[in-house]
Amino acid sequence: MMIGALWRGASGMRAQQVQVDSLANDIANVNTTGYKQARVGFSDLVYRPVMEAGMPVEQPQAPGSTVSLGTGVKVASIVKDFSQGALVQTGEPLNLAIQGEGFFAVVNGAGERFLTRDGNFHRDADGNVVNDGGYYLAIPAGNNQDVPLNLPPEAENINVAADGTITATVNGQVQPLGQIYLYTVSNPAGLEAVGDNLYRLTPACGQLFYGAPGTAGNSETTGTPGPVLGTLRSGYLEAANVDLAATMTRMVVAQRAYELNSRTIRVADEMWSLANNLRR
């Protein structure tokens, strides 16, 4: 039994270490644009019978009942919390924040598509709207193909409306220049965080929907309607959704849990030592 207590305490220490690591990463990214905090989920390990079911001699026992004891805990999941973050005003027209559900789609040089909540965009030398990593803001072109959003170099006074329509002054005339689309998936928890504020699509995401901001998205493959997408705020960026007070509270709780699990190991070790010294 003492050996079992050692392993149970060790499993608790490992689980709480992951919790502390996750919380530390949240705190480190408190000023990261569009960052979403993580939630660590735990589950108990397999149960082992302490006393097998049978025919008791002294006290009645329900037929088939077994007295069992758990063997510890494990980290079951680490998922992102995609709740809304606060909006921070920047005044830059290509700084875009999403109010509500949805992601921007960006494409790298290899043609791989990613989703992001980071709307810190600007124009590159070719007039394409890109993020800080040089990934271009994707516009759906049909047949699961994307094209970059391109703005002419002479475009001035760029304005992005809440529904994603882009207008600008070109040669003294206000002209429409394009439309920004938002994307979402059936199961956002299935997105894979890959760094640089980007998420990779995985089979666990389910269907991919896209549409103009403020409208119901359509499935990219079947065309079936999906959830209503959020709207855009030009001149704003979405801050991280990390609540520092709550995060620090969870950090203290995780630290205390780690300490108590280590004490469990120490107590089990002392009991083991007492049992080994009985013959002396």
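Residues numbered from 1 in each chain as written. Predicted model: local features only at pLDDT ≥ 70, side-chain atom pairs only at ≥ 80, totals over all residues. Heavy atoms only, no water.

## Considering a nonpolar patch on the surface
Quick note on the threshold: Patch membership requires more than 30% relative accessible area and the absence of a salt bridge. Residues of like charge join within 9 Å; the nonpolar side chains Val, Leu, Ile, Met, Phe, Trp and Tyr join within 5 Å. Exposure was quantified through the Shrake-Rupley algorithm and a 1.4 Å probe, taking into account, for residues, occlusion by the shown protein chains and nothing else. In what follows, salt bridge is the name for a side-chain nitrogen of Lys or Arg lying within 4 Å of a carboxyl oxygen of Asp or Glu. Each helix is a run of DSSP H or I of at least 4 residues and each strand a run of E of at least 2, with the numbering of both proceeding from the N terminus. Working definition: with a 1.4 Å probe on protein chains only, accessible area under 20% of the residue-type maximum means buried, over 50% means exposed, and in between means partly exposed.
Taken together, the side chains of Ile-3, Trp-7 and Trp-272 define a hydrophobic patch exposed on the protein surface, amounting to about 350 Å² of accessible area. Positionally, Trp-272 belongs in helix H2 (residues 244-276). A relative accessible area of 34% places Trp-272 in the partly exposed class.

## Topic: the confidence of the model for the protein
Note the following rule: Across the chain, each position has a pLDDT score giving the predictor's confidence in that residue, from 0 to 100.
On average, residues of the protein carry a pLDDT of 89, and 93% of them reach 70 or more. At the level of individual helices and strands, the protein shows its lowest average pLDDT in strand E2 (residues 47-51), which scores 76, and its highest in strand E23 (residues 236-238), which scores 97.

## Some remarks on the sheet that holds strand E14 (residues 165-170)
To be explicit about the condition: A pair of strands is treated as paired once DSSP finds two or more bridges between them. The angle between two axes is taken between their N-to-C directions and runs from 0 to 180 degrees, where each axis is a line fitted to C-alpha atoms and a helix contributes only its stretch in contact.
Reading across from one edge, E13-E14-E15 is the order of the 3 strands in this open sheet, with antiparallel pairing throughout. What marks the edges here is a single partner per strand, and that holds for strand E13 (156-160) and strand E15 (173-179). The sheet shows a mean angle of 20° between the axes of neighbouring strands, taken without regard to direction. As paired strands, E14 and E15 are joined by 6 bridges and run antiparallel to one another. By the bridge assignment for E15, Thr-167 is matched with Pro-176.

## Brief notes about unusual backbone geometry
Of note in the backbone geometry, Asn-157 takes a positive phi value of approximately 50° without being a glycine. One non-glycine residue with positive phi stands out, namely Asn-197, at about 65°. Within the element layout of this structure, Asn-197 appears in the loop between strand E17 (192-195) and strand E18 (198-200).

## Structural notes on the environment of Ala-275
If you trace the backbone, Ala-275 turns up in helix H2. In sequence terms Ala-275 and Gly-85 are 190 residues apart; their C-alpha atoms lie 56 Å from each other.

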